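# Structural description and commentary
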Amino acid sequence: MHCPSIIGAAVSIPGSFDGSVVQDAKSQQRISGGEVQDLDLEKVDGELSASLASWSFGGTVYRSFDEHITRSVPMYSECHELILSLSDFFVRPDSIVYELGSATGVLTAQLAQRHASKLRRIIGIDIEQSMVTEAERRYGNPSVVQFVEADVRSYKFEPSDFVVSYYTLQFLRPEERHHVIKAVCEKMARGGAFVLFEKVRERDGRLQDLVDQLYADYKLGNGFEPTEILAKTRSLRSVLEPSTSAENIAALREAGFSVVGLIHKGLCFEGYLAIK
Ligand SMILES: C[S@@+](CC[C@H](N)C(=O)[O-])C[C@H]1O[C@@H](n2cnc3c(N)ncnc32)[C@H](O)[C@@H]1O
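Residues numbered from 1 in each chain as written. Predicted model: local features only at pLDDT ≥ 70, side-chain atom pairs only at ≥ 80, totals over all residues.

As annotated in an unreviewed UniProt entry, the protein chain is Methyltransferase from Streptomyces griseoviridis.

## Looking at the pairing of strand β12 (residues 259-266)
Note on strand geometry: in a regular strand, side chains alternate between the two faces of the sheet. What counts, and what does not: Whether two strands pair comes down to DSSP finding at least two bridges between them. Under the DSSP-based scheme used, a helix requires at least four consecutive residues in state H or I and a strand at least two consecutive residues in state E, with every element numbered from the N terminus.
Bridge count for β12 against strand β13 (residues 269-275) is seven bridges, and the pairing is antiparallel. Within the sheet, the bridge partner assigned to Val260 lies in β13 and is Ala274. Linkage of β12 to β13, two consecutive antiparallel strands, is achieved through a turn of two residues, within which Leu267 is found at a positive phi near 55°.

## A word on unusual backbone geometry
The line we're drawing: The burial criterion counts other C-beta atoms lying within 10 Å of a residue's C-beta, which is placed from the backbone; the residue is buried at 20 or more, exposed at 12 or fewer, and partly exposed between these limits.
If you check the backbone angles, Met75 has positive phi at about 60° while not being a glycine. With respect to the helices and strands, Met75 occurs in the loop between α1 (65-72) and α2 (76-87). Although it is not a glycine, Tyr167 adopts a positive phi angle of roughly 60°. Of the residues examined, Tyr167 has 20 C-beta atoms within 10 Å and is grouped as buried.

## Section: the packing of α2 against helix α3 (residues 106-114)
So the rule is basically this: Every axis corresponds to a line fitted to the C-alpha atoms, with the helix fit spanning only the stretch in contact, and the corresponding angles, defined between N-to-C directions, vary from 0 to 180 degrees. Left-handed describes a crossing whose near helix is turned anticlockwise from the far helix by less than a right angle; the clockwise case is right-handed. Note on contacts: each residue gets a C-beta atom placed from the backbone, and two residues are in contact if those atoms are within 7 Å. Just so you know the grouping, Ala, Val, Leu, Ile, Met, Phe, Trp, Tyr, Cys and Pro go in nonpolar, Asp, Glu, Lys and Arg go in charged, and all remaining residues, Gly too, go in polar.
The interhelical angle for the contact between α2 and α3, taken along N-to-C directions, is 35°, at an axis separation of 10 Å. In the packing of α2 onto α3, the handedness of the crossing is right-handed. Of α3, the residues touching α2 (which contributes His80, Ile83, Leu84 and Ser87) are Leu107, Gln110, Leu111 and Arg114. A breakdown of the residues in the contact of α2 with α3 according to their chemical character gives four nonpolar, three polar and one charged.

## Notes on the packing of helix α5 (residues 174-187) against helix α8 (residues 245-255)
The description of two packed helices rests on the angle between their axes and on the distance between the axes. Stated precisely, the cut-off is as follows: Orientation is classified from the angle alone, with under 35 degrees giving roughly parallel, over 145 giving roughly antiparallel, 65 to 115 giving roughly perpendicular, and any other angle giving oblique.
Direction vectors running N to C along α5 and α8 enclose 40°, while the axes themselves pass 9 Å from each other. Considering the angle they form, α5 stands oblique to α8. Crossing handedness for the pair α5 and α8: right-handed. Contacts from Arg177, His178, Ile181, Lys182 and Cys185 in α5 reach Ala251, Leu252 and Ala255 in α8. Counted by class, the contact of α5 with α8 contains five nonpolar, one polar and two charged residues.

## Focus on the confidence of the model for the protein chain
The cut-off we apply is this: Each residue carries a pLDDT value, the predictor's own confidence for that position, ranging from 0 to 100.
When pLDDT is averaged across the protein chain, the result is 88; 86% of the residues are at 70 or more. The model gives residues 1-27 a pLDDT under 50, and that stretch makes 68 contacts with residues more than four places away or in other chains.

## Some details on the site of the ligand
Selection criterion: Should the C-beta atom of a residue, placed from the backbone, lie within 6 Å of a molecule or strand, that residue is near it.
With respect to spatial proximity, 19 residues lie near the ligand, and among them Phe57, Gly101, Ala103, Ile127 and Tyr166 are the closest. Contributing elements (two or more residues each) for the shell around the ligand: α3 and β7 (121-126). Classifying every residue of the shell around the ligand by side-chain character gives twelve nonpolar, three polar and four charged.

## Looking at the nonpolar core
Stated formally: We define the nonpolar core as any set of buried residues of the types Ala, Val, Leu, Ile, Met, Phe, Trp, Tyr and Cys, connected via C-beta atoms lying within 7 Å of each other.
Core analysis: the largest hydrophobic core is formed by 46 residues, its most contacted members being Val97, Val163, Phe194, Leu196, Leu252 and Ala274. With six residues, strand β10 (residues 188-201) is the largest single contributor of residues to this core. Once residues lying within four places of it in the same chain are set aside, the contact partners of Val97 are Val91, Leu111, Leu119, Ile122, Ser160, Asp161 and Phe162. In this structure, Leu41, Trp55, Tyr62 and Phe147 belong to the second largest nonpolar core, which totals 14 residues.

What follows is the structure in structure tokens.
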């Protein structure tokens with residue numbers, strides 16, 4: 001994945017391009033097919049910066065991730081609490097639980113702590129090695145919690161009772177989201193649940209315009225500079241393509257979940273509960 005940077009850091013990102021990436025105070029350079037191209041970095045939040053259509057969670061993003069996302073997404077921590085309460089209905093003795101896109105491990109660790117006496121295993125999966133290393137450093141406990149560096153698009157799930165994807169599938173292409181939801185559902189025990197949170201697009205243009213403006217107000221109110229808000233939006237081009245609420249609900253139903261309901265809506269952010 002492409003990599004936003006901490007300004008001043010020099011980072012080489014495997015798998016981003018067919019060459020190397022070097023970041024400095026003002027620009028990162030992409031060496032592709034022998035040609036050097038400048039990718040201008042824009043400040044996104046404090047020391048966090050990213051260039052056009054290049055947002056990723058790699059490199060040193062883990063250092064500012066929790067603070068950045070808590071200020072960026074309405075009710076981020078409150079919805080962690082909601083998921084913890086929901087998990088009480090589905091986690092059983094000897095359950096296997098997954099979090100897809102576990103980032104720094106906060107939610108995986110909270111679930112592990114809540115169900116410590118019951119769980120067989122809880123596995124936090126993330127594609128970014130630096131995120132997995134940070135999660136392990138903070139919360140690694142080999143007996144119950146595992147953090148795995150893996151791609152959820154090709155992950156082989158074991159039978160499970162509870163799976164959470166908290167603002168992760170939105171970073172996959174829409175057809176890949178369907179594939180992952182199906183893979184989760186296939187391996188889920190009957191009566192088990194998948195909790196999916198996603199950034200969404202409104203179907204109505206006027207409503208979308210309103211929500212966009214309200215979301216900008218929300219970020220301004222949380223201390224972001226207008227230029228930072230614009231830089232983040234620009235960095236997400238081609239990286240985050242929201243589905244509509246109806247598309248998400250249809251994908252969950254098509255995958256085989258028998259009960260699907262909306263459990264959260266805060267501006268352009270929604271959460272669904274899908275029971276097999
Ligand atoms: C918004 S963060 C998730 C936040 C986290 N769930 C929480 O509750 O704080 C999205 C995470 O998904 C990870 N991710 C993106 N694509 C992935 C993929 N294909 N497989 C595994 N993880 C992925 C990113 O590296 C990032 O850490």
